[in-house]
Amino acid sequence: MDGEEQVIELLANKHSRAIFSLTSIKECSAIQLSQELDIPLATVYRKLKLLEAAGLIQHVKTIINLQG
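None of these values were measured; they are calculated from a predicted model. (Residues numbered from 1 in each chain as written. Predicted model: local features only at pLDDT ≥ 70, side-chain atom pairs only at ≥ 80, totals over all residues. Heavy atoms only, no water.)

It is worth spelling out the overall build of the protein at this point. Scanning the protein from terminus to terminus reveals four helices and zero strands. Taken from the N to the C terminus, the helices and strands of the protein come in the order α-α-α-α. In terms of overall size, the protein behaves like a compact globule, its C-alpha atoms giving a radius of gyration of 12 Å where 68 residues would be expected to give roughly 11 Å. In terms of overall dimensions, the protein has a C-alpha envelope of 40 × 20 × 20 Å along the principal axes. Out of the 68 residues in the protein, the part that is buried amounts to 22%. Considering only intrachain contacts with a sequence separation of at least 6, the fraction spanning at least 24 residues in the protein is 46%. As presented, the protein carries roughly 5,100 Å² of accessible surface, and 54% of it is formed by carbon and sulfur atoms. Counting 7 positive and 8 negative side-chain charges, the protein places the averaged centre of each group 8 Å from the other. (Helix = DSSP H or I, 4+ residues; strand = E, 2+ residues; numbered from the N terminus. Rg over C-alpha atoms; globule rule 2.2 N^0.38 Å. Buried < 20%, exposed > 50% of the residue type's maximum accessible area, 1.4 Å probe, protein only. Contact = heavy atoms within 4.5 Å. Areas by Shrake-Rupley, 256 points an atom, 1.4 Å probe, with all protein chains shown as cover. Lys, Arg positive; Asp, Glu negative; His and termini not counted. Charge placed at Lys NZ, Arg CZ, Asp CG, Glu CD.)

This paragraph deals with the packing of helix 1 (residues 3–12) against helix 2 (residues 14–25). Across the interface, helix 1 lies against helix 2 with an axial gap of 5 Å and an inter-helix angle of 90°. The angle between helix 1 and helix 2 places the two elements in the roughly perpendicular class. Residue-level inspection shows Leu10, Leu11 and Ala12 of helix 1 in contact with helix 2, the latter providing Lys14, Ser16, Arg17 and Phe20. In the contact of helix 1 with helix 2, the residues fall into four nonpolar, one polar and two charged. (Axes fitted to C-alpha atoms, helices over the stretch in contact; angles between N-to-C directions. Parallel < 35°, antiparallel > 145°, perpendicular 65-115°, else oblique. Nonpolar A, V, L, I, M, F, W, Y, C, P; charged D, E, K, R; others polar.)

Another aspect to go through is the environment of Leu33. Tracing the backbone shows Leu33 in helix 3 (residues 30–37). Judged by its relative accessible area of 0%, Leu33 falls in the buried class. Leu33 sits 15 residues away from Ala18 along the chain, and the two C-alpha atoms are 9.0 Å apart. Every residue in contact with Leu33, bar those within four places of it in the chain, is listed here: Ile19, Leu22, Thr23, Cys28, Asp38, Val44 and Leu48.

So, about helix 4 (residues 41–53). An ideal rise of 1.5 Å per residue puts 18 Å on 13 residues; helix 4 measures up with 18 Å between its terminal C-alpha atoms. Just downstream of helix 4, Gly55 is the residue with a positive phi angle, here 80°. (Expected span 1.5 Å × (residues − 1).)

Before going further, it helps to spend a moment on a negative patch on the surface. Together, Asp2, Glu4, Glu5 and Glu9 give the surface a local cluster of negative charge. You can see Glu4 is positioned in helix 1. (Patch = residues over 30% accessible without salt bridge, like charges linked within 9 Å, V, L, I, M, F, W, Y side chains within 5 Å. Salt bridge = Lys/Arg side-chain N within 4 Å of Asp/Glu carboxyl O.)

Assignment of secondary structure puts Arg17 in helix 2. Residues Arg17 and Lys47, spaced 30 residues apart in sequence, show a C-alpha to C-alpha distance of 9.5 Å. Residues in contact with Arg17, not counting those within four places in the same chain, are Leu10, Leu11 and Ala12.

In structure tokens:
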């Protein structure tokens, strides 16, 4: 699958679209995305990884706390 097909597939997914939309407005942690969009945290991490690999979002910082 080429990059263009990958982007189309990602944006066809409702969770990827919701994450992309919210992160285009403001910086959000994975936990914030999970809570605000009512998406399981594991799904958020998986979609963030795919969106970042496709170049649609950028990882800004990592903060590790007791909640993950």
